[in-house]
Amino acid sequence: MKFGLQLSSSLYQEWRFYYIDYDELKRQLKHGLQNNGFNEQKEAAFVETMERELEKVAAFRNIKGDELTRRVQHCEAAVDSVLANTEEEAEEDRFFRVEEEIRRITLEVTELSKFIRLNYSGFLKILKKHDKHTAFMLKPTFMVRMNARPFYKQSFDGLIIRLSKLFDTIRTGGKRDQGNANAGGSQQNFVRRTTKYWVHPDNVTEVKCIILKYLPVLVFSAKGKKEPDPAITSIYFDNDSFDLYLGRLEKSEGAEAIRLRWYGNMEETEIFVERKTHREDWTGEQSVKSRFPIKEKNVNAYLKGEYDYDLTIEKMRKKGSKDEKELEHLAQLAHDVSESVHNKQLHPAVRTFYNRTAFQLPGDARVRISLDTELTMIREDNEDHPRSGDNWRRTDAGTTVPFENVPAEDVCSFPYAVLEVKLQTQQGAEAPKWVEELINSHLVEEVPKFSKFIHGIATLLENRVSLLPFWLPQMDKDIRKSPPQDWRAAEWSSVGAPSSRESSMDRGRHSRRSPGRRDPDLDSVEVIIEQPEEENEESDERSPLLRHSASHNSMNSRKGVLSVRGLRKQLPATWSGGFGNLFKKDLQEEAASGSGSSGSRVPPVAARKRIALPVRVEPKVFFANERTFLSWLHFCIVLGGLALGLLNFGDRVGQISGLVFTLVAMMFMVYALFLYQWRAHKIRNRDAGPYDDRIGPTVLVIVLFFAIMINFWLKFGEQA
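It should be emphasised that the depicted structure is a prediction, and the values quoted were computed from it without experimental measurement.

A.B. asks: Before we move on, could you go through the overall build of the chain and cite the residues and values that matter?
C.D. replies: A count of helices and strands for the chain gives 20 helices and 16 strands. Evaluated residue by residue, the chain yields a buried proportion of 47% over its 720 residues. Counted over contacts in the chain with a minimum sequence separation of 6, partners at least 24 positions apart contribute 77%. In the structure as shown, the chain presents an accessible area of about 37,200 Å², 52% of it carried by carbon and sulfur atoms.

Printed below as a string of structure tokens:
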């Protein structure tokens, strides 16, 4: 779709006169090119028109933003007034009017976010057309003027938090205890079922505005600080063989991920050491994340094994902040992590940074949703030159995007936001309908088992790993989908929910329906790998709003090395080749270096990469392996019984034949046990196969044939 049509179909009708006049700018550019070329006079007129459009858009954004802020302040005052009023009927009526106003404000915040992105894209598109068709280069100088009027850089996070508090107050009638609002900073162990999605930057604000109507924003704030800081930074550890990366990528049983995390800026003194342990479904256990706090000044000594964490445990014991059982768990966890760091020779590998907006009812972990924006990965290893050095983290990277002090080749900016939906419910319960509506909408793209740690290693250290995640070849795809024609956030958000008044005032008088669990079978994924398209050097309407050219281009160069030619396909065995192909391994089809489109460029390293596809292993697979083993064993028992009968009650020929059959039965009993263990090992490691056995049955037929022939030869030879 051309941008002009996209703009006309996406604009908010009430604000249509404040959008960039893209058609007029394009007409002026086209008219100037047709009549004696685009001279300096026409260039000046075009620049003047661009200036007017920029002023119009920026002024409307500022005025509308101030208006929404004042309307929120008015709603906050109205809610406080209603809560102070003791008359129930008046309270119900005013709450209803305030809630309707808050919903209108939320809708306008969503539309204002779309307004900003559409206009920013419009300016980039028209500048691209201008520089392409005229002899003047306007984009570099005009971008400076746009930076002076940065209507596209202003965030709605503060407004969204205030709207969330208003919705929460209306839902609960102002009676909820907010004492656990910072629950996320003190939890030690939590087990949840998590589903992950990508959200395009165009849809981030709309997704936030939908969720805040049902869940309040869970604010993470550092101790002693009044202002919340959404920044979360993690340092992931691995060794030179990337054992932790491969274990997490292949979902091996017991695979660990060890990271050091802190909330807020670099001045934060409390660091959390976390260990994530993966458990397979067939074990009957759930994956667990455990962590313990440590002071920043003690981190280096702890990683070197020079700091005794029992000192910290003793301080906690004196304060009485934790019970004895929990203290024992923390001490054991600190010992285990320290042992893993030394035994596996772990060191800092990659850093992840993002700003998190978490939504959760205080004290209720049944439904928790988090949205991570501005996700950035940074190298922490010391492979070619010192980065973190002997320290546990590099000191040149702060917590402010775009990390200008870090070399561009060490930074990878993720183009999407990451939405995590965590449900913890009873077996058989259904998820809230609004959650189902959200995750099935056009706003999100499901990516099961997505990992920031795995993505950071696969993109920043791609030349050192041989296995890549399944989502990496799809990074060049546009995940945006066309919304339904009647889509409106305010109307859609009420689908399946109680009426406005019931959802706000009656929530405390009616029992909540338990949010449900989605279908756990999320590991079976259809992966579509396409040839990478030619990289567009210019920004257009599909570009991220605040993109940093260096890191973005660096990431694109890493993504572009993947293509269909980097994969190998296994062909099923056939009998077309006769017995000559019976014992050969499965044929592998590799695309030739010259195949594919002529525009594709795949480095030799990329051709050797393998893509790790998530494979679900269900208990019935293990049961099928056991049934196969028992079938082999049943045959060996029958054959062994026949052999024992011949040995004990037969003549000389029968005893010789019984001895032969006994050896055959014993040989295949051992072979069946080996085959059972071999398949069980491959299933646990999620190997792609093959699992078929073409050797055993063939050898069995041949051996039995010769055993029977020996029996006949001895019997008839004796008679002769």
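A.B. asks: Residue-level account of the pattern of salt bridges, with values.
C.D. replies: Enumeration according to the criterion identifies 45 salt bridges in this entry. Its salt-bridge partner being Glu 53, residue Lys 56 comes within 2.8 Å of it at the nearest N-O pair. One end of the pair is Lys 56 and the other is Glu 53, both in helix H3 (residues 40–84) and three residues apart, which spans about a single turn. In this structure, Lys 322 and Glu 326 form a salt bridge, with 3.9 Å as the shortest nitrogen-oxygen distance.

A.B. asks: For the side chain of Lys 196, give the residues involved together with the corresponding values.
C.D. replies: Mapped onto the fold, Lys 196 is located in strand S2 (residues 193–199). Nearest to the buried, unbridged Lys 196 among oppositely charged side chains is Glu 420, at 4.2 Å. A polar contact of 2.7 Å, which involves the side chain of Lys 196, links it to the backbone oxygen of Phe 450. If we skip the residues at most four places from it in the chain, Lys 196 touches Leu 419, Glu 420, Glu 445, Glu 446, Val 447, Pro 448, Phe 450 and Ser 451.

A.B. asks: Can you break down a positive patch on the surface residue by residue, with the values?
C.D. replies: Together, Lys 295, Lys 297, Lys 315 and Lys 319 give the surface a local cluster of positive charge. Of note, Lys 297 is situated in the loop between strand S7 (288–295) and helix H9 (299–303).

A.B. asks: Explain helix H13 (residues 452–460) residue by residue, including any values.
C.D. replies: Most of H13 sits inside the fold, with nine of its nine residues counted as buried. Every buried residue belonging to H13 is among Lys 452, Phe 453, Ile 454, His 455, Gly 456, Ile 457, Ala 458, Thr 459 and Leu 460, and all of these are buried. N-cap assignment for H13: the residue whose side-chain oxygen lies 3.4 Å from the backbone N of Phe 453 is Ser 451.

A.B. asks: Account for the nonpolar core, naming residues and giving values.
C.D. replies: Of all hydrophobic cores here, the largest spans 79 residues; its most connected members are Phe 123, Met 146, Phe 151, Ile 211 and Leu 419. For this core, the element with the most residues is helix H4 (residues 88–133), which contributes 15 residues. If we ignore the near neighbours within four places in the chain, the residues touching Met 146 are Leu 54, Tyr 120, Phe 123, Phe 151 and Tyr 152. Leu 249, Met 377, Phe 453 and Ile 454 belong to the second-largest nonpolar core, a separate cluster that totals 33 residues.

A.B. asks: Which residues make up the pairing of strand S8 (residues 347–360), and what values do they have?
C.D. replies: The buried fraction of S8 is high, at 13 of 14 residues. The pairing of strand S3 (residues 217–218) with S8 spans two bridges and is classified as antiparallel. Bridge pairing links Leu 218 to Ala 358 in S8. Where S8 meets strand S9 (residues 367–379), 10 bridges bridge the pair, whose relative direction is antiparallel. Counted as the bridge partner of Phe 359 is Ile 369 from S9. Once S8 ends, the chain turns through six residues before running back antiparallel as S9, passing Gly 363 with a positive phi of about 75°.

A.B. asks: So, the pairing of strand S6 (residues 270–277): which residues are in play, and what are the values?
C.D. replies: Burial analysis of S6 places six of its eight residues in the buried class, which makes it a mostly covered element. Two strands pair when backbone bridges link them, and strand S5 (residues 256–263) and S6 are joined in this way by six bridges, in the antiparallel orientation. Note on S6: the bridge partner recorded for Ala 257 is Lys 276. Joining the antiparallel neighbours S5 and S6 is a turn of six residues, in which Gly 264 adopts a positive phi near 105°. With eight bridges joining them, S6 and S7 adopt antiparallel strand pairing. If you follow Arg 275 over to S7, its bridge partner there is Ser 290.

A.B. asks: Before we move on, can you summarise the packing of aromatic side chains with the specific residues and values?
C.D. replies: Remark: the centre distance and the inter-plane angle together describe each pair of aromatic rings, the angle taken between the planes. Applying the stated criterion across every chain, the model contains 31 aromatic pairs. For the ring pair Trp 15 and Phe 115, a centre distance of 6.3 Å and an interplane angle of 90° mean the geometry is edge-to-face. Of this pair, Trp 15 sits in the loop between helix H1 (3–10) and helix H2 (22–34) while Phe 115 sits in helix H4, placing them 100 residues apart in sequence. Since its relative accessible area comes to 4%, Trp 15 is described here as buried. A relative accessible area of 0% means that Phe 115 is categorised as buried. Ring geometry for Phe 292 against Tyr 302: centres 5.7 Å apart, planes inclined by 75°, an arrangement best described as edge-to-face. On the criterion of sequence distance, the pair formed by Phe 292 in strand S7 and Tyr 302 in helix H9 is long-range, its members being 10 residues apart. Among the aromatic residues, those joined into a ring-pair cluster are Tyr 12, Trp 15, Tyr 18, Tyr 19, Phe 60 and Phe 115. Taking the ring centre of Phe 272 as reference, the NZ or CZ of Arg 291 above it sits at 4.3 Å.

A.B. asks: I'd like a description of the packing of H3 against helix H5 (residues 139–148), backed by residues and values.
C.D. replies: Put simply, H3 and H5 touch, their axes get as near as 11 Å, and they point 25° apart. Between H3 and H5, the angle falls in the class roughly parallel. For the pair H3 and H5, the crossing hand works out as right-handed. Residue-level contacts link Val 47, Met 50, Glu 51 and Leu 54 of H3 to Phe 142, Arg 145 and Met 146 of H5.

A.B. asks: Give me a nonpolar patch on the surface: which residues, what numbers.
C.D. replies: A contiguous nonpolar surface patch, about 420 Å² in accessible area, is contributed by Ile 702, Phe 705, Phe 706 and Met 709. Mapped onto the fold, Met 709 is located in helix H20 (residues 696–719). Under the relative-accessibility criterion, Met 709 is labelled partly exposed at 43%.

What counts as what
- Residues numbered from 1 in each chain as written.
- Predicted model: local features only at pLDDT ≥ 70, side-chain atom pairs only at ≥ 80, totals over all residues.
- Heavy atoms only, no water.
- Helix = DSSP H or I, 4+ residues; strand = E, 2+ residues; numbered from the N terminus.
- Buried < 20%, exposed > 50% of the residue type's maximum accessible area, 1.4 Å probe, protein only.
- Contact = heavy atoms within 4.5 Å.
- Areas by Shrake-Rupley, 256 points an atom, 1.4 Å probe, with all protein chains shown as cover.
- Salt bridge = Lys/Arg side-chain N within 4 Å of Asp/Glu carboxyl O.
- Lys, Arg positive; Asp, Glu negative; His and termini not counted.
- Polar contact = N/O pair within 3.5 Å; in protein donor to acceptor, adjacent residues only side chain to side chain.
- Patch = residues over 30% accessible without salt bridge, like charges linked within 9 Å, V, L, I, M, F, W, Y side chains within 5 Å.
- Charge placed at Lys NZ, Arg CZ, Asp CG, Glu CD.
- Core = buried A, V, L, I, M, F, W, Y, C linked by side-chain atoms within 4.5 Å.
- Pairing = 2+ DSSP bridges.
- Phe/Tyr/Trp six-rings, centres within 6.5 Å; stacked < 30°, edge-to-face > 60°.
- Lys NZ or Arg CZ within 6 Å of the ring centre and 35° of its normal.
- Axes fitted to C-alpha atoms, helices over the stretch in contact; angles between N-to-C directions.
- Parallel < 35°, antiparallel > 145°, perpendicular 65-115°, else oblique.
- Left-handed = near helix turned anticlockwise from the far one by under 90°.

Read these as layout, nothing more, since geometry by itself doesn't imply function.
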